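Listed below, chain by chain, are the residues.
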Amino acid sequence: MSTISYSAMVNGNVGENFYPTRGLRQGDLVSPFLFLICGEGLSCLMRLAIREGLLKGVKVSRSGPKVSHLLFVDDCILFKEATKRGACVIKEILWEYKNGSGQYVNFEKSAVFFSKNTSEEDRQLVINQLGVRSSNDLERYLGLLSLVGRRKKGIFSSFER
């Protein structure tokens, strides 16, 4: 955003307009809205990749819908096949997203979580392609355990009413 200006109100008097020189920062009141707008762009790229057969997403349950991504506050979780091709598709989507929005993924802070069925060879291919760390431990995300597999039904059954 380059057209925004600010003014400060001191003792009920509005001061002169001034223009930011460093762009928006974390904590800026406009940031969440911009993230939502950009997040919609990422969602569109993910849906397009699914429609073109480049990504599959994962099923939440046998009769449930497939999920390719979840957006949280200023974070996202992407679901994909643990293959070199799947990693390439995700990397291309994130590159296109970066070029369109100016937002980029901090791969040093990113991690992948694999199901138990993923071979060690596939794990290494994905890690090398994306340049992220692998997580074998059940990590907490926004206070919830990040689970993949059959056990999730028992854990989440307490939330059903």
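Located above this text is the structure these notes cover.
None of the values given here were measured: they were computed from a predicted structure.

K.L.:
Just to check I follow, could you spell out the overall build of the protein for this structure?
P.N.:
Along its length, the protein carries four helices and ten strands. Taken over 161 residues, the protein has a buried fraction of 22%. Taking the contacts inside the protein whose residues are at least 6 apart along the sequence as the reference set, 42% of them involve residues at least 24 apart.

K.L.:
Quick question: what am I supposed to make of the nonpolar core here?
P.N.:
General note: in soluble globular proteins, nonpolar side chains tend to be found buried as a group. Formed by 19 residues in total, the largest nonpolar core has its most connected members in Leu55, Ile93 and Leu130. At the level of elements, α1 (31-51), α2 (84-101) and α3 (120-130) are the ones that each hand at least two residues to this core. Excluding its chain neighbours within four sequence positions, the residues that come into contact with Leu130 are Lys80, Ala87, Ile90, Lys91, Phe107 and Val112.

K.L.:
Is there a simple way to explain the environment of Tyr104 in this structure?
P.N.:
The residue Tyr104 is located in the loop between α2 and β7 (111-113) in this model. On the basis of relative accessibility, which here comes to 62%, the residue Tyr104 falls in the exposed class. A C-alpha to C-alpha distance of 7.3 Å links Tyr104 and Leu94, two positions ten residues apart in sequence.

K.L.:
In this structure, what is going on with the pattern of salt bridges? I would like to understand it.
P.N.:
Overall, the coordinates contain two salt bridges when judged by the stated rule. Here Arg47 makes a salt bridge to Glu40, at a shortest N to O gap of 3.1 Å. Of the charged contacts, one joins Glu81 and Lys56 as a salt bridge, the two residues approaching to 3.6 Å between their closest N and O atoms. Separated by 25 residues along the polypeptide, Glu81 in the loop between β6 (75-78) and α2 and Lys56 in the loop between α1 and β3 (58-59) bring together distant segments of the chain.

K.L.:
Quick question: what am I supposed to make of α3 here?
P.N.:
Along an α-helix, residues three or four positions apart point the same way, because every turn accommodates 3.6 residues. All of the buried residues along α3 are Arg123, Val126, Ile127 and Leu130. All buried residues of α3 fall inside an arc of 95° around its axis, so they share one side. Facing away from the buried side of α3 by more than 90 degrees, the exposed set consists of Glu121 and Asn128. Next to the buried residues of α3 lie α2, β7 and β8 (133-135). Trailing α3 by a residue or two, Gly131 shows a phi angle of about 70°, which is positive.

K.L.:
What's the story with unusual backbone geometry in this structure? I'm lost.
P.N.:
Residue Asn11 is not a glycine yet carries a positive backbone phi of 55°. Tracing the chain through its elements places Asn11 in the loop between β1 (9-10) and β2 (13-14).

K.L.:
I would appreciate a short explanation of the side chain of Arg123 in the present structure.
P.N.:
You can see Arg123 is positioned in helix α3. The buried charged residue Arg123 lacks any salt bridge, with Glu120 as its nearest oppositely charged partner at 4.5 Å. There is a polar contact of 3.1 Å between the side chain of Arg123 and the backbone oxygen of Thr118.

K.L.:
What is the right way to look at α2 in this model?
P.N.:
The end-to-end C-alpha distance of α2, which contains 18 residues, comes to 25 Å, matching closely the 26 Å that a straight helix rising 1.5 Å per residue would cover. Taken as a whole, α2 has its buried residues at Gly86, Ala87, Val89, Ile90, Ile93, Leu94 and Tyr97. Projection of α2 onto a plane perpendicular to its axis shows the buried side chains occupying an angular sector of 160°, all on one side. Exposed residues lying more than 90 degrees from the buried face of α2 are Glu92 and Trp95. In this structure, the buried side of α2 is in contact with α1, β6 and α3.

K.L.:
Would you explain the packing of α1 against α2 in this entry?
P.N.:
For any two helices packed against each other, one specifies the inter-axial angle together with the distance between the axes. Taken N-terminus to C-terminus, the directions of α1 and α2 make an angle of 145°; their axes are 10 Å apart at the nearest point. Taken as a pair, α1 and α2 cross one another with a handedness that is right-handed. Facing Cys38, Gly39, Leu42, Leu45, Met46 and Ala49 of α1, the residues of α2 in contact are Val89, Ile90, Ile93, Leu94, Glu96, Tyr97 and Ser101.

Conventions we followed
In every chain, residue numbers begin from 1 and rise along the written sequence. Two thresholds apply to this predicted model, a pLDDT of at least 70 for residue-level local features and 80 or more for giving and counting side-chain atom pairs, whereas whole-chain, interface and lining totals are computed over all residues. Neither water nor hydrogens contribute to the side-chain values; these are computed over all heavy atoms in the structure. Secondary structure is summarised from DSSP: a helix means a run of H or I of at least four residues, a strand means a run of E of at least two, and numbering begins at the N terminus for each. Categorising residues by exposure relies on relative accessible area from a 1.4 Å probe, with only protein chains included: less than 20% of the type maximum marks a residue as buried, more than 50% marks it as exposed, and the intermediate range marks it as partly exposed. Should any heavy atoms of two residues lie within 4.5 Å, those residues are considered in contact. Buried residues of nine kinds, namely Ala, Val, Leu, Ile, Met, Phe, Trp, Tyr and Cys, make up a nonpolar core once their side-chain atoms join them within 4.5 Å. A carboxyl oxygen of Asp or Glu within 4 Å of a side-chain nitrogen of Lys or Arg is what we treat as a salt bridge. The arc under discussion is defined with respect to the helix axis, by the directions toward the C-beta atoms. We count Lys and Arg on the positive side and Asp and Glu on the negative side, and we leave His and both chain ends out. Counted as a polar contact is a pair of N or O atoms within 3.5 Å, where, for protein atoms, one must be capable of donating a hydrogen and the other of accepting one, and residues adjacent in sequence contribute only when both atoms are in side chains. By this rule, a helix spans an expected 1.5 Å times one less than how many residues it contains. A fitted line through C-alpha atoms serves as each axis, taken over the contacting stretch for helices, and the angle formed by two N-to-C directions is quoted from 0 to 180°. Left-handed describes a crossing whose near helix is turned anticlockwise from the far helix through less than a right angle; right-handed describes the clockwise counterpart.

Shape is all these values report; function is a separate question.
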